[in-house]
Amino acid sequence: MFEISVETHFYAGHELKLPDGTYEPSHNHDWIVIANVSSEKLNKIGIVMDFHRLRGILENITSEFDNESLNKMEYFQEINPSAENVAKYVYEKIEPELPENVKLEYVSVVEEPLCTAIFRKLPNTRAVKA
């Protein structure tokens, strides 16, 4: 198994909805986003995929967040704009853009140093018949 990852960042604000229905104060972060992909085999030129292409896909997605309030984005109108949900959003946008035979392993979002959220899909599991 071969894996590569790329990283980008964006600056954006958010305010999380708290359990009591109120919102925390609006605040900003310099978010870091990492996309990790894998392949069983290397392609005909000996790579999983081009780093620049993967970074371009990631930056195209995250550019809509830059210098914005995540709470104002349509996706986050009903979903709390947590690092976990940002990771899931980016994952869902990247996955269909990847070349055939390249699997998105995970998306990692660093909200601030030492605070990281990761989203990955669970592998398909089969029900075992008794």
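Here goes a summary of the coordinates provided. Every chain's residues receive numbers from 1 upward, in the order its sequence appears when written. Whole-chain, interface and lining totals are the exception, using all residues; otherwise, since this is a predicted model, local features are given only for residues with pLDDT of at least 70 and side-chain atom pairs are given and counted only at 80 or more. The side-chain quantities take in all heavy atoms of the structure and omit both hydrogens and water.

### Observations regarding the packing of aromatic side chains
Think of it this way: a Phe, Tyr or Trp ring, Trp meaning its six-membered ring, pairs with another when their centres are within 6.5 Å, and the plane angle makes it stacked under 30 degrees, edge-to-face over 60, tilted otherwise. Scanning all chains against the criterion turns up 8 aromatic pairs. Ring centres of Tyr75 and Phe76 lie 4.9 Å apart, and the angle between their planes is 90°; on these two criteria the pair is classed as edge-to-face.

### Concerning the pairing of strand 1 (residues 2-14)
Whether two strands pair depends on DSSP finding at least two bridges between them. A helix here means a DSSP run of H or I that spans at least four residues, while a strand means a run of E at least two residues long, and both kinds are numbered starting from the N terminus. Sheet analysis places strand 1 next to strand 2 (residues 27-39), joined by 13 bridges and oriented antiparallel. Across the sheet, Phe10 pairs through a bridge with Trp31, a residue of strand 2. Here strand 1 runs beside strand 3 (residues 68-69); their pairing, made up of 2 bridges, is parallel. By the bridge assignment for strand 3, Gly13 is matched with Ser69.

### Some words on the sheet that holds strand 1
Backbone-to-backbone hydrogen bonds pair the strands of a sheet. The strands run either parallel or antiparallel. Strands sit in the order 3-1-2-4-5 across an open sheet of 5 strands; the sheet is mixed. Two strands bound the open sheet, and with one partner strand each, they are strand 3 and strand 5 (115-119). The sheet strands contacting helix 1 (residues 51-62) are strand 1 and strand 2, and the helix crosses strand 1 at an angle near 20°. In this fold helix 2 (residues 83-94) packs onto strand 1, strand 2, strand 4 (103-112) and strand 5, with an angle of close to 145° to the strand it touches most, strand 4. Residues are treated as being in contact if the distance between any of their heavy atoms lies within 4.5 Å. Fitted lines through C-alpha atoms serve as axes, helices being fitted only where they are in contact, and the angles separating the N-to-C directions of these axes extend from 0 to 180 degrees.

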